[in-house]
Amino acid sequence: ILVELEQEHARTAEANARHHHPDGLAGEILWRRSVVVRGSADQLPLPRGCVDRIIFSPPYFDAATRKRAEDPNTAHNLNVPEWRRKRKDASFHIDRYGESPRQVGNMDAPRYRVFMSAIYRECRRVLAPGGLLVVVTADIYRGGRRQDLRGLTRLLCEPAGFQCREWWQRDRTNAMTWPQNLRRKKGLPF
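Everything quoted here is computed from the prediction, not taken from an experiment.

Participant: Quick question: what am I supposed to make of the nonpolar core here?
Facilitator: It is characteristic of soluble globular proteins that their nonpolar side chains tend to be buried jointly. Of all hydrophobic cores here, the largest spans 23 residues; its most connected members are Ile54, Val104, Met116, Tyr120, Leu133 and Phe162. Only strand 3 (51-56), helix 2 (109-126), strand 4 (127-135) and helix 3 (149-157) provide two or more residues apiece to this core. Tallying contributions element by element places helix 2 first for this core, with seven residues.

Participant: Would you explain the pattern of salt bridges in this entry?
Facilitator: Where charged atoms from two side chains of opposite charge approach closely, those side chains can pair. The tally for this structure, following the rule as stated, stands at three salt bridges. Aspartate 42 is the salt-bridge partner of arginine 102, the closest N and O atoms lying 2.2 Å from each other. With a gap of 60 residues between them, arginine 102 in the loop between strand 3 and helix 2 and aspartate 42 in the loop between strand 2 (36-38) and strand 3 connect regions that are remote in the sequence. Among the ionic pairs, arginine 125 bridges to glutamate 122, the shortest N-O distance being 2.8 Å.

Participant: Looking at this model, I keep getting lost on the state of the cysteines. Mind explaining?
Facilitator: Formally, a disulfide is one covalent bond, and it connects the sulfur atom of one cysteine to the sulfur atom of another. Throughout the structure, instances matching the rule amount to zero disulfides. For cysteine 123, which is in no disulfide, the shortest distance to another cysteine sulfur is to cysteine 157 and amounts to 7.8 Å. Under the relative-accessibility criterion, cysteine 123 is labelled buried at 4%. Judged by relative accessible area, cysteine 157 falls into the buried class, the value being 9%.

Participant: I'm lost on helix 2 in this one. Help?
Facilitator: Note that an α-helix has 3.6 residues per turn; residues three or four places apart therefore point the same way. Between its first and last C-alpha atoms helix 2 spans 26 Å; for 18 residues at 1.5 Å apiece the expected length is 26 Å, and the two agree. Among the residues of helix 2, Tyr112, Phe115, Met116, Ser117, Ala118, Ile119, Tyr120, Glu122, Cys123 and Val126 are the ones counted as buried. In this structure, the buried residues of helix 2 make contact with strand 3, strand 4 and helix 3.

The rules we used
- Residues numbered from 1 in each chain as written.
- Predicted model: local features only at pLDDT ≥ 70, side-chain atom pairs only at ≥ 80, totals over all residues.
- Heavy atoms only, no water.
- Core = buried A, V, L, I, M, F, W, Y, C linked by side-chain atoms within 4.5 Å.
- Buried < 20%, exposed > 50% of the residue type's maximum accessible area, 1.4 Å probe, protein only.
- Helix = DSSP H or I, 4+ residues; strand = E, 2+ residues; numbered from the N terminus.
- Salt bridge = Lys/Arg side-chain N within 4 Å of Asp/Glu carboxyl O.
- Disulfide = S-S within 2.5 Å.
- Expected span 1.5 Å × (residues − 1).
- Contact = heavy atoms within 4.5 Å.

Rendered as structure tokens:
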């Protein structure tokens, strides 16, 4: 069951579901079935305790503020470092997560904390006893400094009644991505 706030993204998810399940979505919902529900994650249209697992990556509050869609196309400009080049297809560049006033991805950090707290409480409500919440995050950067989104997520989940059972982090000692290598060489956090 995918709950999506933005109509455009819900339509894309429905098209993906139809592609993967061309026989339709009727009947009992099995693991092979996908259902897209339009709504807000802080008010899930689901009864209490009906879900075994919730797996998601939260929006990274106002991270989509670069306005790269307005930048000149730099996809083939060799004078621009590769990691800063704009891709040919502007649709890959997110300037906003959506237009809804309840869109957590467009909120500043204080409002993000309030809304994400409500979302985690709602996740707790719909999870069955012994259910599992898996949250996939990555730290973000503001002014060249790492913002601990992983730690913030844990702080927001605990008051909602969750206990962190496992905490995984990618091993950064081995192969790094080229942007990470570049940041490391410049002495920046990576």
